[in-house]
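# Chains, contacts and geometry: an overview
Now for the letters of each chain:
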Amino acid sequence: MSNENSNLYHDQIVLHLVQFSVFWAIVAMTAGVYISAELVWPTIDFGQFWLSFGRLRPLHTNGIIFGFGVSALMATGFYSVQRTSHVPLFMPRLAWFVCYAWQLIVLLGGLSLLAGWTTSKEYAELEWPFDIAIAIVWVCFGVVFFGTIANRKIRPIYISNWFYGALIIVIAMLHIVNSLAIPVTIGKSYSLYAGAQDAIVQWWYGHNAVGFLLTGGFLGMMYYFLPKHAGRPIWSYRLSVVAFWAFTYSYIWAGPHHLHYSAIPEWVLSLSVVMSVILLAPSWATMINGIMTVSSASEKLKTDPALKFIVLSLAFYGLATFEGPMMAFPSVNVVSHFTDWTIGHVHSGALGWNAMITYGTFYYMVPRLVGGELYSVRLANIHFWMALAGTMLYVMAMWGAGVSQGLLWLSVDEIGELSFSFKDIMASMAPFYGLRLIAGLIFLGGTTLMAYNLYKTIAGKSAVKVQVPAVDPAFGVSS
Amino acid sequence: MVTNIYSFLLFKSLYQPLEAFKQLSQSEPSPLGVMLRYSIWLLVLPPIFSLIGAANFGWRLGAAEPLRLPTQALLLVSLGYFVVLVFGLFSTALISRWMAATYGASAALGRHVALITIVGEPLAVGSLAHLYPDVFINILIIIPTMIWSMYLLYKGIPIALGITSEKGMLMASSLVGWLLVAAVSLLGLSMTLWTLGVGPLLGV
């Protein structure tokens with residue numbers, strides 16, 4: 001359990017969170033693979049409601065975002081904030097509470113989704129009792145994180161902490177505002193907002209959950225672990241700070257681009273498109289900063305399989321952050337919206353960026369946490385190629401399916417009638433979905449290899465005790 | 001060496017790509033020469049195959065009836081396809097040369113044009129699939145071809161540009177980032193053109 005010695009980092013919490021994160025990755029990706037199989041063979045829900053696409057799909061997304069993603073962010077946030085502040089975690093018992101309460105929310109929340117409790121708001125499906133629990137645990141997360149920063153022994157607040165901090169503040173704001181609802185029963189509530197307002201609030205939440213959790217949070221991870229990996233300072237610290245503020249300012253406006261051609265004011269849509277395009281600048285500034293940092297440390301690639309994951313994750317980050325603004329254009333969106341291209345876009349980010357940078361970070365962090373070597377570098381290398389192949393195959397399959405759907409749905413004949421029926425188009429997508437299923441299996445297979453590799457690395461060990469190092473007086477907090 | 005590199009590139013690079021990269025590392029061909037005597041012959045293949053295929057069979061997007069376009073529109077689409085490919089090759093070569101400075105690689109533009117063409121050659125030949133423009137069949141053929149091309153990119157950069165394989169890995173990954181963006185831009189550009197009325201008849 002937590003070490004009360006004030007001169008040691010609290011790394012056992014980090015180790016637990018990493019294990020939970022990998023566990024949820026396997027569970028939620030398996031759910032994803034299963035629902036992708038359901039799109040090929042629709043009868044494999046066997047008439048069970050809890051096995052239906054409608055219930056497993058939110059389990060898949062919530063499990064990945066809140067189980068895998070947030071656990072990884074908490075783990076890496078706790079790990080890096082101690083090391084960049086030169087102090088152990090503030091209120092370690094509260095940190096343990098955050099760790100376990102969060103896992104309980106993901107577990108019970110997942111079961112409630114299977115039972116059919118849902119607000120029907122995408123990525124915010126959990127009902128009001130869970131929303132309240134999430135808000136409480138999230139605020140505790142913030143107390144631990146910002147408390148640690150407040151206690152810091154180093155004067156500057158390193159850039160990764162700005163991103164983790166933005167993650168904590170903005171997600172709290174989005175979650176609380178979007179979840180305001182009137183409870184009717186324990187498992188049912190009605191949103192405080194109605195109609196178009198509800199849609200705008202929901203996508204302000206939905207898009208910024210992508211922005212500040214899946215992008216901002218993971219950028220925090222990148223800014224700490226990439227320079228650590230490479231053994232080099234970040235290429236341009238100034239660029240990283242400029243990118244942070246530009247990112248934070250412009251992201252928050254972009255949500256309504258999910259609602260093109262709907263009953264919300266046109267100026268809101270236009271503004272969201274403009275902001276989406278502006279967003280490309282800070283996103284790519286960060287990508288270039290990462291690539292340039294690693295480019296001077298190429299010799300590390302010889303010995304470090306983890307660095308490959310991070311290098312490639314930056315390429316997919318570049319793709320996803322370009323693809324998004326492009327799909328926000330009304331002339332592209334009219335064809336791409338509601339098609340599987342959107343699913344492909346999300347997964348080029350989720351698999352290519354989020355999962356890969358997390359894998360790279362875990363391969364780096366876990367051996368250091370337990371004071372040993374990675375069990376098998378070879379398995380990690382195989383995992384790398386499986387992750388790349390799975391992601392590419394997934395994205396290609398969904399590009400093909402999405403473009404076909406977009407064209408076929410909108411095709412009209414000479415007298416202006418639709419050329420194809422929705423049902424026929426849906427039925428013709430099976431080959432693409434089959435390909436996607438294979439892609440998912442390859443990616444899940446790679447993740448399972450990592451789980452085994454990390455299990456063997458950790459087995460029988462606990463986190464090594466790391467002493468807080470002395471602070472260089474030039475950077476110390478004067479007290 | 002310089003005189004026979006073109007004929008070597010055009011034919012042997014398909015089945016002896018690593019040998020071609022080695023040859024390339026010893027010569028500095030002119031960019032225009034590479035373009036006119038090597039690249040262009042590969043770049044015309046996809047538009048021609050696509051034109052023949054679409055004119056004879058129509059685009060099969062999975063649903064029952066194929067989508068047919070008037071010949072004039074098909075010609076326009078194929079011409080656009082060719083222009084985009086030429087632009088894609090040249091911009092990729094320029095970006096590759098720009099990146100070369102970071103990784104200490106050769107800066108001879110002709111070498112970069114040839115390198116990118118060797119990498120893309122399997123895709124150009126694989127575009128034979130366009131003769132039967134069924135999207136799924138095309139994707140099935142393009143995926144293994146693309147894997148081969150990516151392998152060539154990662155293998156070829158360190159050989160042809162004379163850098164360590166680790167630096168080559170970084171540079172190739174950066175180029176993959178650019179190529180992914182280029183591919184998705186092509187999708188977005190096509191959709192914008194369709195929305196504007198160029199290409200298939202859409203009810204938008």
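Keep in mind that this is a model prediction, so the values were computed, not measured.

### With respect to the overall build of chain A
Scanning chain A for helices and strands turns up 15 helices and 2 strands. A compact globule built from 479 residues should have a C-alpha radius of gyration of about 23 Å, and chain A, at 22 Å, falls within 12% of that. If you line up chain A on its principal axes, its C-alpha atoms span 80 × 50 × 45 Å. Relative to its full complement of 479 residues, chain A shows a buried share of 54%.

### Looking at the overall build of chain B
Each helix and strand counted, chain B has 8 helices and 0 strands in total. The N-to-C order of helical and strand elements in chain B reads α-α-α-α-α-α-α-α. Its C-alpha atoms give chain B a radius of gyration of 18 Å, within 12% of the compact-globule value 17 Å for 204 residues. Projected onto its principal axes, the C-alpha coordinates of chain B cover approximately 50 × 30 × 30 Å. Within chain B, the proportion of its 204 residues that are buried is 47%.

### Section: the nonpolar core
Judged by nonpolar contacts, the single largest core of 208 residues is most densely connected at V14, M74 and L167 of chain A. If you tally residues by element for this core, the top one is helix α6 (residues 195–230) of chain A, at 20 residues.

### A short note on the confidence of the model for chain B
Residues at a pLDDT of 70 or more form 96% of chain B, whose mean pLDDT is 88. Across the assembled chains, the prediction reports ipTM 0.85 with pTM 0.93.

### Considerations on the interface of chain B and chain A
On the side of chain A, 42 residues touch chain B, which itself brings 34 residues to the contact. Counting only elements with at least two residues in the side of chain B that touches chain A, the list comes to α5 (71–103), α7 (135–161) and α8 (165–196) of chain B. Sorting elements by how many residues they give to the side of chain B that touches chain A places α8 of chain B first, with 17 residues. Its residues placed into classes, the side of chain B that touches chain A shows 22 nonpolar, 10 polar and 2 charged.

### A look at the environment of A389 of chain A
Residues and elements named next belong to chain A. For A389, the location among the structural elements is in helix α13 (residues 377–410). A residue is classified by how many C-beta atoms lie within 10 Å of it, and A389, with 18 of them, is partly exposed. A389 sits 53 residues away from I442 along the chain, and the two C-alpha atoms are 7.5 Å apart.

### A short note on the pairing of strand β1 (residues 181–185) of chain A
Residue and element names in this part refer to chain A. Along β1, only 0 of the 5 residues are buried, which leaves the element largely exposed. The pairing of β1 with strand β2 (residues 188–191) spans 4 bridges and is classified as antiparallel. In the sheet register, T185 faces β2, and the bridge partner there is K188.

### Comments concerning the packing of helix α9 (residues 280–295) of chain A against helix α10 (residues 305–328) of chain A
Residues and elements named next belong to chain A. The interhelical angle for the contact between α9 and α10, taken along N-to-C directions, is 165°, at an axis separation of 10 Å. Taken as axis vectors, α9 and α10 run roughly antiparallel relative to one another. The hand of the α9/α10 crossing is left-handed. Along the contact surface, α9 presents L280, S283, W284, M287, G290, I291 and V294, while α10 presents L307, V311, L314, Y317, G318, T321, F322 and P325. For the contact of α9 with α10, a count of residues per class yields 11 nonpolar, 4 polar and no charged.

### Focus on the environment of K22 of chain B
All names here are of chain B. Its location among the elements puts K22 in helix α2 (residues 17–25). Owing to 13 C-beta atoms within 10 Å, K22 belongs among the partly exposed residues under this scheme. When the C-alpha atoms of K22 and L170 are compared, they prove to be 20 Å apart, with 148 residues separating the residues in sequence.

### A few points about α10 of chain A
For α10 of chain A, spanning 24 residues, the distance from its first C-alpha to its last is 36 Å, which sits close to the expected 34 Å at 1.5 Å a residue. With 24 of 24 residues buried, α10 of chain A is to be regarded as a mostly interior element.

### Comments concerning unusual backbone geometry
Residues and elements named next belong to chain A. We note that Y123 has phi near 65°; this positive angle belongs to a residue other than glycine. Located in the positive-phi region is F338, a residue other than glycine, with phi close to 70°. With respect to the helices and strands, F338 occurs in the loop between α11 (330–336) and α12 (340–370). The exposure class assigned to F338 is exposed, which follows from the 12 C-beta atoms found within 10 Å.

### Remarks on the packing of α13 of chain A against helix α15 (residues 430–458) of chain A
All names here are of chain A. Following both chains from N to C, one finds α13 and α15 inclined at 160°, their axes separated by 8 Å at the closest point. Taken as axis vectors, α13 and α15 run roughly antiparallel relative to one another. In this structure, α13 meets α15 at a crossing whose hand is left-handed. Residue classes in the contact of α13 with α15 are distributed as 19 nonpolar, 8 polar and 1 charged.

What counts and how
- Residue positions within a chain follow its written sequence, with the count starting from 1.
- As they are written, the chains are lettered A onward and the ligands numbered 1 onward, keeping that order.
- Only residues with pLDDT of at least 70 get local features here, since the model is predicted, and only at 80 or more are side-chain atom pairs given and counted; chain-wide, interface and lining totals rely on the full set of residues.
- Elements are defined by DSSP. Helices are runs of H or I of four residues or more, strands are runs of E of two residues or more, and each kind is numbered from the N terminus.
- Computation of the radius of gyration draws on C-alpha atoms alone. For the globule rule, the value is 2.2 Å times the number of residues to the power 0.38.
- Exposed residues have 12 or fewer other C-beta atoms within 10 Å of their own C-beta, buried residues have 20 or more, and partly exposed residues fall in between, where C-beta atoms are placed from the backbone.
- Note on definitions: a nonpolar core is a set of buried residues drawn from Ala, Val, Leu, Ile, Met, Phe, Trp, Tyr and Cys, linked by C-beta atoms within 7 Å.
- Residue-level confidence of the predictor, termed pLDDT, takes values from 0 up to 100.
- We call two residues in contact when the distance between their C-beta atoms, placed using the backbone, is within 7 Å.
- When residues are sorted by character, Ala, Val, Leu, Ile, Met, Phe, Trp, Tyr, Cys and Pro go into the nonpolar class, Asp, Glu, Lys and Arg into the charged class, and all the rest, Gly among them, into the polar class.
- The rule for pairing is simple: two strands pair if DSSP sees at least two bridges between them.
- Simply put, an axis is a line fit to the C-alpha atoms, just over the touching stretch for a helix, and the angle between two N-to-C directions goes from 0 to 180 degrees.
- Angle categories are assigned with fixed cut-offs, so that under 35 degrees is roughly parallel, over 145 is roughly antiparallel, 65 to 115 is roughly perpendicular, and the rest are oblique.
- Working rule for handedness: look at the near helix, and if it is turned counterclockwise from the far one by less than a right angle, call the crossing left-handed; if clockwise, right-handed.
- Here, expected helix span is obtained from the residue count minus one, scaled by 1.5 Å.

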